[in-house]
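# Structural characterization, general
Listed here are the chains, written in short residue letters.
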Amino acid sequence: MATITITLNFQPYAVPTGKSNTFNMTPNNLLRSGYSQSNYRRRLQKEASGNMFDSGYYLTLQALSDMGLWQTETPLFLYLEEKVVYDVEFGFKRMTKDEDNATAGLKPILDGVAKALGVDDKRFKRGDVSMTRAKEEYTQITLTW
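The following paragraphs examine the structure supplied in this document. Quick caveat: nothing in here was measured; it's all calculated off a predicted structure.

Pairing is mixed across the open sheet formed by four strands, whose spatial order is 1-6-4-5. Because the sheet does not close on itself, it has two edges, and the strands there are strand 1 (3–8) and strand 5 (124–133). Taking each pair of neighbouring strands and ignoring which way they run, the sheet shows an average axis angle of 15°. Relative to strand 6 (residues 138–144), strand 4 (residues 84–92) runs antiparallel, the two sharing seven bridges. Counted as the bridge partner of Glu89 is Gln140 from strand 6.

For helix 4 (residues 107–117), the tally of buried residues reaches eight of eleven residues, placing the bulk of the element in the interior. All buried positions along helix 4 are accounted for by Pro108, Ile109, Leu110, Gly112, Val113, Ala114, Ala116 and Leu117. Of the surrounding secondary structure, the elements contacted by the buried residues of helix 4 are strand 1, helix 2 (39–67), strand 4, strand 5 and strand 6. Just past helix 4, the residue Gly118 takes up positive phi, approximately 80°.

Here we take up the environment of Gln11. Mapped onto the elements of the fold, Gln11 is located in the loop between strand 1 and strand 2 (15–16). Residue classification places Gln11 among the buried positions, given a relative accessible area of 1%. Distance from Gln11 to Thr26, taken between C-alpha atoms, is 9.6 Å for residues 15 residues apart in sequence. Within the structure, Gln11 has its side chain in polar contact with the backbone oxygen of Gly91 (distance 2.8 Å).

This paragraph deals with the pattern of salt bridges. One pass over the structure, following the stated rule, counts four salt bridges. Between Arg43 and Glu47 there is a salt bridge; the shortest N-O distance is 3.8 Å. In this pair, Arg43 and Glu47 both sit in helix 2, four residues apart, roughly one turn of the helix. A relative accessible area of 47% places Arg43 in the partly exposed class. In this structure, Asp111 engages Lys107 in a salt bridge whose closest nitrogen and oxygen atoms are separated by 2.8 Å. With a gap of four residues between them, Asp111 and Lys107 both fall in helix 4, about one helical turn apart.

Turning next to the packing of aromatic side chains. Two descriptors summarise a pair of aromatic rings, namely the distance from one centre to the other and the angle between the planes of the rings. For the coordinates displayed, the defined rule picks out five aromatic pairs. Measuring from centroid to centroid gives 6.1 Å for Tyr13 and Phe92, while their planes differ by 65°, and the two rings are edge-to-face. Taken together, the residues Tyr13 in the loop between strand 1 and strand 2 and Phe92 in strand 4 connect sequence positions 79 residues apart. We classify Phe92 as buried; its relative accessible area is 0%. Ring geometry for Tyr57 and Tyr58: centres 5.0 Å apart, planes at 80°, overall edge-to-face. Assessed through its relative accessible area of 13%, Tyr57 is described here as buried. In this structure, Lys97 packs its charged tip against the face of Tyr13, placed 4.4 Å from the ring centre. Of note, Lys115 hangs over the ring of Tyr57, and the distance from its end group to the ring centre comes to 5.7 Å.

Parameters at a glance
For every chain, the first residue of the written sequence is number 1, and numbering continues from 1 along that sequence. Note on the predicted model: pLDDT of at least 70 is required for a residue's local features to be given, and 80 or more for side-chain atom pairs to be given and counted; whole-chain, interface and lining totals, by contrast, use all residues. Side-chain metrics rest on all non-hydrogen atoms present in the structure, leaving aside hydrogens and water. In this scheme, strands are said to pair when DSSP sees at least two bridges between them. Each helix is a run of DSSP H or I of at least 4 residues and each strand a run of E of at least 2, with the numbering of both proceeding from the N terminus. Where helices are involved, their axes are fitted lines through C-alpha atoms of the stretch in contact, as for all axes, and angles between N-to-C directions lie from 0 to 180°. For every residue, the accessible area obtained with a 1.4 Å probe (protein chains only) is divided by the maximum for its type, and the residue is called buried under 20%, exposed over 50%, and partly exposed between those limits. Whether two residues are in contact is decided by their heavy atoms: any pair within 4.5 Å suffices. Two N or O atoms form a polar contact when they lie within 3.5 Å of each other; inside protein one atom must be a possible hydrogen donor and the other a possible acceptor, and for residues adjacent in sequence the pair counts only when both atoms belong to side chains. Salt bridge, as used here: a side-chain nitrogen of Lys or Arg that lies within 4 Å of a carboxyl oxygen of Asp or Glu. Pairs were defined over the aromatic rings of Phe, Tyr and Trp, the Trp ring being its six-membered one, requiring ring centres within 6.5 Å. Orientation was assigned from the angle between planes: stacked under 30 degrees, edge-to-face over 60, tilted for the rest. We call a charge positioned over a ring when the NZ of a Lys or the CZ of an Arg lies within 6 Å of the ring centre and within 35 degrees of the ring normal.

Shown next as structure tokens:
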């Protein structure tokens, strides 16, 4: 069994987009703001989604490199029939978050992780989700196969 853990220093609720801007990528926020889509808001959403994808992609490549696997090698999980189970831990300053909404907001990150692993993200199966009180907000994803 192999395990990869990646830790991001942001939440889907506050994805960095620029010098001091953040964007909420959770589905509830995107639905609420759907009627007021300005060009500025669409640009922020696209930039936040790209930042999430890139973070998932590069952190996964770094984790693979730390394991001694390189992108040019074919990892063992490409040939396995089993699902890649991912567990998520969110660290919040305040604990008033919706678990389903928070994990649904991870979609761009998981797309980046899947690309780095060379698999389709439909092989991912959500495992445990935990939310803890922390001084700094973070998202930690642990993949096991």
